[in-house]
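Chains, contacts and geometry: an overview
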Amino acid sequence: MVSEAEFGRDAAAGFSTLDKDGSLTLRPEELGPHDPARFSRIDTNGDGVLTFSEVMANKIRALEEGDKNKDDGLSFEEMVQSVEADEGIGQ
Amino acid sequence: MTRPHEGSRSWSKKIWVMGIAALVLAGCEGGGTAPAGVGTVGGAVAGAGTSRMLFGNSTSGMLIGGAVGGLAGNMMLDRPAEERQRQQAQASRDADMQRQLEFERQRALQQEEVRVQIEEDRLFREWQRERLGT
């Protein structure tokens, strides 16, 4: 099972790797190919860049939605279901 | 009628010719591996012998001949040796440059890894503080 803290640590690793200029924000160019609509949903203040707080707010929301048994973590099955729901697979 | 000392002069010439031939052969046997400078000295000695044949036992003639021989020796032996040394020095500089570039590349990679690690830790700790605070 992946705990919330592990989720956060994984996200921090991904964020800092993508943040090539060390600005503590992610510009669209730093993300590579991505869905602009999803970028806009995460960029809640609409300043055109993603902060780590914005990224984590989005990830925690996904974690809470995926944590069906409410044990404050995601099992492998819950992750698969979450990804399938996110991608619209099997719907 | 043979002049006095004519026979000894003839022998003297033969000895100089043999000496020059020996010097030339010595330069060839080196296979071009002689250090820079040897060619000039060898050429000067050979030149001195040549000048002695051309100008007789004149010191100025020997000096002039020596200078010409020196130039010839320089062209024949020193230049290839200098060129080889220049090429070796260039190869050494190229190798140094490659090592320096590789060192800089590795250092940049390490710096980037360290920067990412520090940023990751900082982001995670700040996020955890925010989570605990809310």
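The structure under discussion appears in the preceding block.
Within each chain, residue numbers correspond to sequence positions counted from 1 in written order. Written order determines the labels here, with chains lettered from A and ligands numbered from 1. Residues qualify for local features only when their pLDDT is at least 70, as the model is predicted, and side-chain atom pairs are given and counted only at 80 or more; totals for whole chains, interfaces and linings, by contrast, use all residues.

A few words now on the overall build of chain A. Only DSSP runs of H or I covering at least 4 residues are called helices, and only runs of E covering at least 2 are called strands; the numbering of each starts at the N terminus. Looking only at helices and strands, one finds five helices and four strands in chain A. Listed by position from the N terminus, the elements making up chain A come as β-α-β-α-α-β-α-β-α. Residue burial is a threshold on neighbouring C-beta atoms within 10 Å of the residue's own C-beta, all placed from the backbone, with 20 or more meaning buried, 12 or fewer meaning exposed, and counts in between meaning partly exposed. When each of the 91 residues of chain A is scored for burial, the buried share is 16%. Within chain A, contacts between residues separated by at least 24 positions form 44% of all contacts whose residues are at least 6 apart in sequence. Two residues form a contact once the distance between their C-beta atoms, set from the backbone, is within 7 Å.

Of the regular secondary structure elements, chain B holds three helices and zero strands. The order of helices and strands in chain B, counted from the N terminus, is α-α-α. For chain B, buried positions account for 19% of its 134 residues. The long-range fraction of contacts in chain B, counting pairs at least 24 apart against all pairs at least 6 apart in sequence, stands at 58%.

Residues and elements named next belong to chain A. Axis definition: a line fitted to C-alpha atoms, limited for helices to the stretch in contact. Angles are taken between N-to-C directions and run from 0 to 180 degrees. One can describe the packing of helix α4 (residues 52–66) onto helix α5 (residues 76–87) by two numbers: an axis separation of 9 Å at closest approach and a directional angle of 115°. Of the possible angle classes, the one that applies to α4 and α5 is roughly perpendicular. As for how α4 packs across α5, the hand of that crossing is right-handed. Between α4, through A62, E65 and G66, and α5, the contact on the second element is made entirely by E78, M79, Q81 and S82. Lys, Arg, Asp and Glu make up the charged group, whereas Ala, Val, Leu, Ile, Met, Phe, Trp, Tyr, Cys and Pro make up the nonpolar group; the residues left over, Gly among them, are polar. For the contact of α4 with α5, the per-class residue count stands at two nonpolar, three polar and two charged. Orientation categories follow fixed angle ranges, with anything under 35 degrees roughly parallel, anything over 145 roughly antiparallel, 65 to 115 roughly perpendicular, and all other angles oblique. Helix crossings fall into two classes, left-handed where the near helix is turned counterclockwise from the far one by less than a right angle and right-handed where it is turned clockwise.

Before going further, it helps to examine the environment of V80 of chain A. Relative to the elements of secondary structure, V80 of chain A occurs in helix α5. In the structure, V80 of chain A is positioned 14 residues away from G66 of chain A in sequence and 9.2 Å away in space, judged by C-alpha atoms.

A word on the interface of chain B and chain A. Listed as interface residues are nine residues of chain B and, on the opposing side, 12 residues of chain A. Considering only residue class, the side of chain B that touches chain A consists of four nonpolar, one polar and four charged.

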